[in-house]
Structure formats: C-alpha cells, structure tokens
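Summary of structural features
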Amino acid sequence: MKLLLIAIGGGVWLALLAVGIVLWRRSRDARLRERIKQAAGPLSKGANTEIEPEESIFRQTERRSRLSRAINARYPLIEPRRAIPMMILAALGASIAAWFATWFLQFTPGWWIVPLLCLVAYVAARMTASLMQKRKEAEFIRQFPEVVDQIVRLARAGVPPLQAISVVAEDAPPPAGPALQEVCDGLDAGLDAETALSLTSRRIRLAEFTLFASVIRLQRRSGGGITNSFSNLANTLRENRTISLKARASTAQTRLTLMVLTAMPVFVLSAQSFISPESVDILFESERGIFMLRMGIGMIVVGLLVARGIGARFQH
C-alpha cells in the first residue's frame, strides 16, 4: 500500500513537473515570437512600424525576468537589477511603518491588515521606481546638451551626423549613452534613421530626446546643414533646464515650509511627552483622545497628499 501511494505521489509530481516545463517553454517561445515580430516589423518594407516596444529589441545581453521587463517597460531609464533591491527594501520598510502606525493608533488587527500591508508595500515600490526614474530623467536632461554639442563639433569637422552619433554614444555616460547606442544598434540592424529614432524616442518617452529625433528627421527630409539646427537645439535644451531650475528654486521655500509643518506635530508631541506626560496620556488612554489622534494624523496625511498633488500639477 505504501509503495502504491509513493508511486502515485511520484507520478503526480512528475506530471506537475512536465506541465511546468511545457508552460515555461511556451512562455519562452511566445516571448521569442514577440521579439521577432517587433524586430521584423521595422525591417520589412511597407510594414506597420507604429509599434510600442517594451524594451530595446537589439540589445539583450542577459536573461530578464517578467518583473524586470515590466520595470524596463514602465521606467526605461533605470536598470532593473539595481532597482529591484531598492524597491524590495522600500516595500519592506513601508510595510513595517504601516504595521507600526496601526499599533500606534491602536487599531484592532483584523482580516484587513494583510491586504493593507500588501497595498502599502506595492505603493512604496512603485514610488521608489518612479523616484529613480525621475532622477535618471533629470540626469539625462543635464547631460544631453553637452552630448548634442559633441555631435555638433564632430559634424562641423566633416563627420556625417549619424556617424557622429555613433562616436558620441561610445563615450557618453548613462543614461544618455545607452539611448544613443540603441539608435546606433537599430541603424546597424538595417533600420533607416527615422525608424530607429522613432522607436527609441517612443520607448524612452522624453521630450528632449523626441525633439532631438525630430531635428534629425526634418533635416533628412528637407536637406541642408544640421550643425545650426543642433546648436539651436542645445541652446533650447539649456534654456529649458534653466527655467526648470528657476521654477524649482522659486518653490523651495514652500516645500521647506511644508516639511517643517509636517514635522512640527511630531516634535511638539515628543516634547510634550517629556514636559507634561499626563497631558499626552489622554490621547492614548481614552477613546476620545484616540479618536482625536487618528483624526489629526489623518488630516496631516491628507494635507500632504493634496499639497503634493497641487505642486506636481503646477510643476507640469
């Protein structure tokens, strides 16, 4: 009887293993077919090139998980292998902070605690990736005028514009360098300049790079020298960055005031607990005090979210 049970169990495990292998191979085959379709679309004449590639179809040096591909599709300038550990740490820290908040506010744990912690962890991971993407975008905007100037100098020396892009891409630091290198990879694969630039600009989704691609496409269609266009582009990018920095400097006092007002209740409550502990105990030992504590913290959180939303709206 035991041997029969062992045989049945082994057969079940082997069947599950076989099903898992088949599903894994099918997912790999589907991914391969999708990549071939993405690569073959721009390469074929008359084909529909209006595709939205999730990641670069020409630069694949390592295997990537589905999570890495999803991160690269939504946040194209960050590296998933560096972003994933930061996202995990942020999710873990946010979950611990949420659990501490429920204990501090004396909420009775229930079935909702696990979904709440999962939601907080997910939001924290998304915010971490978004913050890393914004930092990379700011770095790209800071680097790109100098990259365009290098292309201008090479073009004035007699180097063709597309070859100048290839030369600059080899020495340009990330994130500007990999973006230009992706264009060069498309050209090496046989794409025309307009298609390679269009694919990269749609994947990166940065106005500065889209403007750069538009300048090249217009020059190739209308003809003429490109050095003056690139010089004007570099000056425009610098002016835009200067205006952005001035706008950020003008709102620095408001952001600092918001941070001080946020930290003030915590400072006052901590100081009051040392000076007059009995006045603070009312907040934790009576139902009315607990209700007031919850309302106060809730109003602070809502105020922060509203202020952040208003600031982000006027910033854009």
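Keep in mind it's a predicted model, so treat the numbers as computed, not measured.

A tally of regular secondary structure across the protein chain gives twelve helices and zero strands. Across the protein chain, helices and strands are ordered from the amino to the carboxyl terminus as α-α-α-α-α-α-α-α-α-α-α-α. When burial is assessed residue by residue, the protein chain has 30% of its 316 residues classed as buried. In the protein chain, the proportion of contacts linking residues at least 24 apart, taken out of those at least 6 apart, comes to 60%.

Glancing now at unusual backbone geometry. The omega torsion of the bond from Pro 174 to Pro 175 falls at 5°, within 30 degrees of zero and hence cis. If you trace the backbone, Pro 175 turns up in the loop between helix H5 (161-171) and helix H6 (176-188). A positive phi angle is found at Gln 106, which is not glycine, with a value near 60°. Structurally, Gln 106 can be placed in the loop between helix H3 (80-104) and helix H4 (113-156). Phi at Arg 205 is positive, roughly 60°, even though this residue is not glycine. As for its position among the elements, Arg 205 is in the loop between helix H7 (193-204) and helix H8 (207-222).

Further remarks concern the layout of surface pockets. Estimated volume of the second largest pocket: approximately 880 Å³. Every residue lining the second largest pocket is counted, 23 residues in all, and those nearest its centre are Ala 101, Leu 105, Ile 297, Ile 300 and Val 301. When the residues that make up the lining of the second largest pocket are grouped by side-chain class, the tally is 20 nonpolar, three polar and no charged.

On to helix H2 (residues 66-74). What H2 keeps buried is the set Ser 68, Arg 69, Ile 71 and Asn 72. Projection of H2 onto a plane perpendicular to its axis shows the buried side chains occupying an angular sector of 160°, all on one side. In H2, the exposed positions that point more than 90 degrees away from the buried face belong to Arg 66 and Arg 74.

A few words now on the confidence of the model for the protein chain. In this model, the protein chain carries an average pLDDT of 77, and 77% of its residues clear a pLDDT of 70 or more. Below pLDDT 50 for its whole length, residues 2-7 participates in zero contacts with residues either more than four positions away or in separate chains. Throughout residues 43-52 the model reports pLDDT below 50, and contacts reaching past four residues in sequence, or to other chains, amount to 14 contacts.

The next subject is the packing of aromatic side chains. A full pass over the atoms with the stated rule returns eight aromatic pairs. Relative to Phe 144, the ring of Phe 140 lies with its centre 5.0 Å away and its plane at 20°, an arrangement referred to as stacked. Here Phe 140 and its partner Phe 144 are both found in helix H4, four residues apart, which amounts to about one turn of the helix. For the pair formed by Phe 140 and Phe 144, the shared burial category is buried. On the basis of an interplanar angle of 80° and a centroid distance of 5.2 Å, the ring pair of Phe 144 and Phe 212 is categorised as edge-to-face. A residue pair is termed long-range when its members are at least 10 positions apart, and Phe 144 in helix H4 and Phe 212 in helix H8 qualify at 68 residues. This pair shows no difference in class: Phe 144 is buried, exactly as Phe 212 is. The aromatic ring of Phe 107 is capped on one face by Arg 294, whose charged end is 4.1 Å from the ring centroid.

What follows covers the pattern of salt bridges. Using the criterion set out here, one finds five salt bridges in the structure. The salt bridge involving Glu 79 is made with Arg 82; its shortest N-O contact spans 3.5 Å. Under the relative-accessibility criterion, Glu 79 is labelled partly exposed at 35%. Salt bridges sharing partners connect three or more residues here, namely Glu 79, Arg 81 and Arg 82.

The next subject is the nonpolar core. One finds Val 148, Phe 209, Phe 212 and Phe 230 to be the most contacted residues of the largest nonpolar core, which totals 33 residues. Those elements that provide at least two residues to this core are H4, H5, H6, H7, H8 and helix H9 (227-250). Those residues within four positions of Phe 209 in sequence are excluded, and the remaining contacts are Phe 140, Phe 144, Ala 179, Leu 180, Val 183, Leu 197, Thr 200 and Ser 201.

This part takes up the packing of H8 against H9. Interhelical geometry of H8 versus H9 gives an angle of 165° and a closest axis separation of 10 Å. Classed by the angle they form, the pair H8 and H9 counts as roughly antiparallel. Judged by the twist between their axes, the crossing of H8 over H9 is right-handed. Between H8 and H9, the residues in contact are Glu 208, Leu 211, Phe 212, Val 215 and Ile 216 and Ser 229, Phe 230, Leu 233 and Leu 237, respectively.

We now examine H3. Across its 25 residues, H3 extends 35 Å between first and last C-alpha, which sits within 8% of the 36 Å expected from 1.5 Å per residue. Of the residues making up H3, those classed as buried are Pro 80, Ala 83, Ile 84, Met 87, Ala 91, Ala 94, Ser 95, Ala 98 and Thr 102. Taken together, the buried residues of H3 touch H2 and H4.

What counts, and where the lines are drawn
- Residues numbered from 1 in each chain as written.
- Predicted model: local features only at pLDDT ≥ 70, side-chain atom pairs only at ≥ 80, totals over all residues.
- Heavy atoms only, no water.
- Helix = DSSP H or I, 4+ residues; strand = E, 2+ residues; numbered from the N terminus.
- Buried < 20%, exposed > 50% of the residue type's maximum accessible area, 1.4 Å probe, protein only.
- Contact = heavy atoms within 4.5 Å.
- 1 Å grid on protein atoms, 1.4 Å probe; cavity = no way out; pocket = protein on both sides within 12 Å on 5 of 7 lines; lining within 4 Å.
- Points joined across faces, edges and corners; volume = space filled by probe spheres on them.
- Nonpolar A, V, L, I, M, F, W, Y, C, P; charged D, E, K, R; others polar.
- Arc of directions from axis to C-beta.
- pLDDT = per-residue confidence, 0-100.
- Phe/Tyr/Trp six-rings, centres within 6.5 Å; stacked < 30°, edge-to-face > 60°.
- Lys NZ or Arg CZ within 6 Å of the ring centre and 35° of its normal.
- Salt bridge = Lys/Arg side-chain N within 4 Å of Asp/Glu carboxyl O.
- Core = buried A, V, L, I, M, F, W, Y, C linked by side-chain atoms within 4.5 Å.
- Axes fitted to C-alpha atoms, helices over the stretch in contact; angles between N-to-C directions.
- Parallel < 35°, antiparallel > 145°, perpendicular 65-115°, else oblique.
- Left-handed = near helix turned anticlockwise from the far one by under 90°.
- Expected span 1.5 Å × (residues − 1).

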